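Next come the chains, spelled out residue by residue.
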Amino acid sequence: MQQSFDLNTINKIQFLVGDAGTLERISNVPARKPFCNEIVDFLNELSREIMRNPMCRQYSDVMTFAFWIRKASIVTLAERFHSEDGYTHLGRGLAFHVAPSNVPVNFAYSLVAGLLTGNANIVRVPSKDFPQVGIIAESIKETIKSFENFRDYICLIRYPRDKDVNDLISSLADTRIIWGGDETIAELRKSPLLPRSTEITFADRYSLSIIDSDKYLEIKNRDSFAKDFYNDTYFSDQNACTSPALIVWVGSKMDEAKEVFWKELHKIVSDKYTFQDVQSVNKLTGIYETLYDIEGTSRVKTEDNLITRIYVSKLSEHLMDHRVGSGFFFEYDCDNIMDLREICNDKRCQTIGILGEREILKPLIESGIKGVDRIVPIGRTMDFDLIWDGYDLVTSLTRIVSGI
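Residues numbered from 1 in each chain as written. Predicted model: local features only at pLDDT ≥ 70, side-chain atom pairs only at ≥ 80, totals over all residues. Heavy atoms only, no water.

Caption draft 1: Main features of the sheet that holds strand β1 (residues 14-17). One open sheet accounts for six strands, arranged β1-β5-β4-β3-β6-β7; its pairing is mixed. Unpaired on one side and paired on the other, β1 and β7 (198-201) mark the two borders of the sheet. Recorded for the sheet is a direction-independent mean angle of 20 degrees between the axes of neighbouring strands. Bridge count for strand β6 (residues 175-178) against β7 is four bridges, and the pairing is parallel. Its bridge partner being in β7, T175 is matched across the sheet by T198. (Pairing = 2+ DSSP bridges. Helix = DSSP H or I, 4+ residues; strand = E, 2+ residues; numbered from the N terminus. Axes fitted to C-alpha atoms, helices over the stretch in contact; angles between N-to-C directions.)

Caption draft 2: Main features of the nonpolar core. Within the largest apolar cluster, 76 residues are counted, with the highest numbers of intra-cluster contacts made by L43, I122, I154, L156 and L386. Of all the elements, helix α6 (residues 106-116) adds the most residues to this core, at eight residues. The next biggest cluster of nonpolar side chains, apart from the first, holds 29 residues, and it includes I294, C349, I354 and V372. (Core = buried A, V, L, I, M, F, W, Y, C linked by side-chain atoms within 4.5 Å. Buried < 20%, exposed > 50% of the residue type's maximum accessible area, 1.4 Å probe, protein only.)

Caption draft 3: Examining the packing of helix α3 (residues 37-52) against helix α7 (residues 131-144) more closely. It is the contact of α3 with α7, at a shortest axis distance of 9 Å, that shows an interaxial angle of 125 degrees. Accordingly, the angle class assigned to the pair α3 and α7 is oblique. In the crossing of α3 with α7, the sense of the turn from one axis to the other is right-handed. Contacts between α3 and α7 involve F42, E45, L46, E49 and I50 on the former and, on the latter, I136, S139, I140, E142, T143 and I144. Here the contact of α3 with α7 is composed, by residue class, of six nonpolar, two polar and three charged. (Parallel < 35°, antiparallel > 145°, perpendicular 65-115°, else oblique. Left-handed = near helix turned anticlockwise from the far one by under 90°. Contact = heavy atoms within 4.5 Å. Nonpolar A, V, L, I, M, F, W, Y, C, P; charged D, E, K, R; others polar.)

Caption draft 4: Focus on the layout of surface pockets. Quantified by volume, the second largest pocket comes out at close to 500 Å³. Elements represented by at least two residues in the lining of the second largest pocket include exactly α3, α5 (71-81), β2 (88-91), α16 (393-396) and β17 (398-401). For the lining of the second largest pocket, the element with the highest residue contribution is α5, accounting for five residues. Looking at the lining of the second largest pocket, its residues break down into nine nonpolar, seven polar and five charged. (1 Å grid on protein atoms, 1.4 Å probe; cavity = no way out; pocket = protein on both sides within 12 Å on 5 of 7 lines; lining within 4 Å. Points joined across faces, edges and corners; volume = space filled by probe spheres on them.)

Caption draft 5: Here's a closer look at unusual backbone geometry. Of note, the phi angle at S326 is positive, near 60 degrees, even though the residue is not glycine. Among the secondary structure elements, S326 is positioned in the loop between β11 (308-312) and β12 (328-333). On the basis of relative accessible area, S326 is assigned to the buried category, the value being 10%. Positive phi outside glycine occurs at D389, with the angle close to 55 degrees.

Functional significance is not addressed by these values, which are geometric in nature.
Structure representation (structure tokens):
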């Protein structure tokens, strides 16, 4: 049963876009058809508004988001998901999105997924006051002035962990999308949904990269590749589920490729990355715990603590439990791709970033592993798509009306 709009509960919420009135009206707005023209136009104008903000250029993740929601990009998406099945497709109604606390722009991608599928959206943004959140929220508020019909389709909120607020919004939602990981999922599931409501959860995951040493040494612009790898890893402190913690080397020139690659990466990290004392302590603790708990591991000597490398002679099912982040990498020399089966059979395994031929992964994937939802080029692991973690978000966030 829907919770009442208790004033004490409402007062716990900070509204970035919308207000208490929006919250009361939002569950009653009509569902729309996926990829309708007005939504596409709104997102295109939002892209322009973000680009007009001079602060935007300081944050590559904001720039990437603005580029992704351009009309040309969305039209391409719409073509991919276009259906001629003879049914009418509509948004499920109201989507309640809970964004992760450590990825600043994820909330915006989730919001767009909800809008494109025809839903009204309440989005809980990260509790940390990321500048990127403010830039996008202010741009949305400005864009909505020209799209009054969308005013009650977007409500961006921030609040501390609070079951009363979770209860209220969950009681309104037709679908709930939780990006926060295992702990957040467990907490939100204490707040019941309506019987017909659905839920999409993005649990704690890990990822890895595969580098073909021969292909790497053929690269002319190794600086560019190092920047791509940096964006996959250091940009989010390896906190993103897509960020590789395990680097798998294949090919005939592993030692030579490693020496060149890590030197190139160190140049980028030294120039761009801010390293905190607490990260150094965490890394040191992670080194000792890994060497003690995981047989056949050894620390590879590095220039400094910006890059930490742990060589792994044999992959263990518990290896990825020792992930630290902040430039902490396991390395494995792979002669047989099926050596990765145990790591990739874990349902927590999400993305493989690869430099080399993807065909080498076919025997592994076709062996029936329960993990691995994405295989993408290194440098593209954080690129958002409407197929994510094995979910087709267009299908999950819409309903089908048959017979008309």
